Amino acid sequence: MGDESQELAVRQEALPVRLERKALEVLEQNIALLEDFTAKVLVPDVDYGRVKGIGQPFLQEPGASKIINAFKCYARHRVLKETVDPDQGLISYIIEVELVSRETDKVVGTGIGTASTTEGKYGLRWVDDPEEYGIDPEGLRTRTRTNDRTGEVYTSYRIQNPDWGDLVHTLLSMASKRAETDAAKGLPGVSTALVILFAGALLLAWMSADPQDRFRIVLGASGQAAHLLLLVSALL
């Protein structure tokens, strides 16, 4: 009897995934609605945008919040891992977000977000006088900047963030926002709608850019967006 039950379980696990026409029709409708939603509601440089050093546009937290609300969901957070180690100067959070339907109270999506002091913008700081913080400037990384009005040159030094204790809330909040954004992108049809939106945004940036900058935009793009830019550049 035990062998028969085991064989039956193996056969059931081997069954292929079945696609249903109704589910596909719902997905198709979602994609069409989301394309219209993202184009009309998401605001460039607020809900999505680009930052220096990253060519591909990306979804930002305000845009993720709009998408989550459009699906009539709310975010439920859970700390998967927390590290606060003063000896190593390390603060790290890994957050999981569950998107819960307000109508059915069921989880319809999940996402993961992380943040830590190993990221330069949190763990490091540029200061003019490291000795104010009890740090010898010898051997520290430096950078210079020039005052546009006076022409005076200033030197800054990179040190460990002296406000280490204030980063706990900042990093917890950032990890949570990243988890929400990750979860929003995983909702049905969202990734496809965002690809189309971002491709259009890159195309506008490419067309308004100087010739020497257009190549950088193509290099920074990825996937379908890069193919679109190469096709347009070949036709012009």
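Everything below is about the structure printed above this text.
Being a predicted model, the structure only gives us computed values, none of them experimental.

Caption draft 1: Region of the structure containing the pairing of strand β5 (residues 107-116). With nine bridges joining them, strand β4 (residues 90-101) and β5 adopt antiparallel strand pairing. Bridge assignment links Glu-96 to a residue of β5, and that residue is Ile-112. Hairpin connection, β4 to β5: the antiparallel pair is bridged by five residues, and Asp-105 has positive phi, about 60 degrees.

Caption draft 2: Looking closely at the nonpolar core. Counting 28 residues, the largest nonpolar core has Leu-42, Leu-59, Ile-67, Leu-99, Leu-171 and Leu-194 as the members making the most contacts within it. Secondary structure elements with two or more residues in this core: α2 (21-41), α3 (61-70), β4, α5 (167-185) and α6 (190-208). Look past the residues within four positions of Leu-59 in its chain and what remains in contact with it is Leu-42, Asp-47, Tyr-48, Ala-64, Ile-67, Thr-181, Ala-184, Lys-185, Leu-194 and Phe-198.

Caption draft 3: Region of the structure containing the side chain of Glu-96. Checked against the element boundaries, Glu-96 lands in strand β4. Overall, Glu-96 belongs to the buried group, its relative accessible area being 15%. Those residues in contact with Glu-96 that sit more than four places away from it in its chain are Arg-76, His-77, Arg-78, Leu-80, Gly-111 and Ile-112.

Caption draft 4: Looking closely at the sheet that holds β4. Strand order in this open sheet of three strands is β3-β4-β5, and the pairing throughout is antiparallel. Among the strands making up the open sheet, the edge pair consists of β3 (73-85) and β5. Geometrically, the sheet is characterised by an average inter-axis angle of 15 degrees between neighbouring strands, direction not taken into account. Pairing between β3 and β4: twelve bridges, direction antiparallel. Counted as the bridge partner of Thr-83 is Ser-92 from β4. Across the sheet, α5 lies against β3, β4 and β5, angled at about 145 degrees from β5, the strand it touches most.

Caption draft 5: Quick look at the sheet that holds strand β6 (residues 124-127). One open sheet accounts for three strands, arranged β6-β8-β7; its pairing is antiparallel. With one partner strand each, in any of the chains shown, β6 and β7 (142-146) form the two edges of the open sheet. Across the sheet, the mean angle separating the axes of adjacent strands is 30 degrees when strand polarity is ignored. With five bridges joining them, β7 and strand β8 (residues 153-160) adopt antiparallel strand pairing.

Caption draft 6: Structural view of the pattern of salt bridges. Summed over the entire model, instances satisfying the criterion amount to eight salt bridges. The salt bridge involving Arg-76 is made with Glu-98; its shortest N-O contact spans 2.9 Å. Here Glu-98 lies in strand β4 and Arg-76 lies in strand β3, a separation of 22 residues in the sequence. For Arg-76, a relative accessible area of 38% translates into the label partly exposed. Residue class for Glu-98 comes out partly exposed when judged on its relative accessible area of 23%.

Caption draft 7: Summary view of the packing of α3 against α5. In contact at an axis separation of 9 Å, α3 and α5 are set at 50 degrees when each is read in the N-to-C sense. The angle between α3 and α5 places the two elements in the oblique class. Pair α3 / α5 crosses with left-handed handedness. Taking contact as the criterion, the partners of Glu-61, Ala-64, Ile-67 and Ile-68 in α3 are, on α5, Lys-177, Glu-180, Thr-181 and Ala-184.

Caption draft 8: Highlighting the pairing of β4. Counting buried residues along β4, nine of its twelve residues qualify, which places the element largely inside the surrounding structure. What sits between β3 and β4 in their antiparallel hairpin is a turn of four residues, with Gly-89 showing a positive phi close to 65 degrees.

About the cut-offs
Residues numbered from 1 in each chain as written. Predicted model: local features only at pLDDT ≥ 70, side-chain atom pairs only at ≥ 80, totals over all residues. Heavy atoms only, no water. Pairing = 2+ DSSP bridges. Helix = DSSP H or I, 4+ residues; strand = E, 2+ residues; numbered from the N terminus. Core = buried A, V, L, I, M, F, W, Y, C linked by side-chain atoms within 4.5 Å. Buried < 20%, exposed > 50% of the residue type's maximum accessible area, 1.4 Å probe, protein only. Contact = heavy atoms within 4.5 Å. Axes fitted to C-alpha atoms, helices over the stretch in contact; angles between N-to-C directions. Salt bridge = Lys/Arg side-chain N within 4 Å of Asp/Glu carboxyl O. Parallel < 35°, antiparallel > 145°, perpendicular 65-115°, else oblique. Left-handed = near helix turned anticlockwise from the far one by under 90°.

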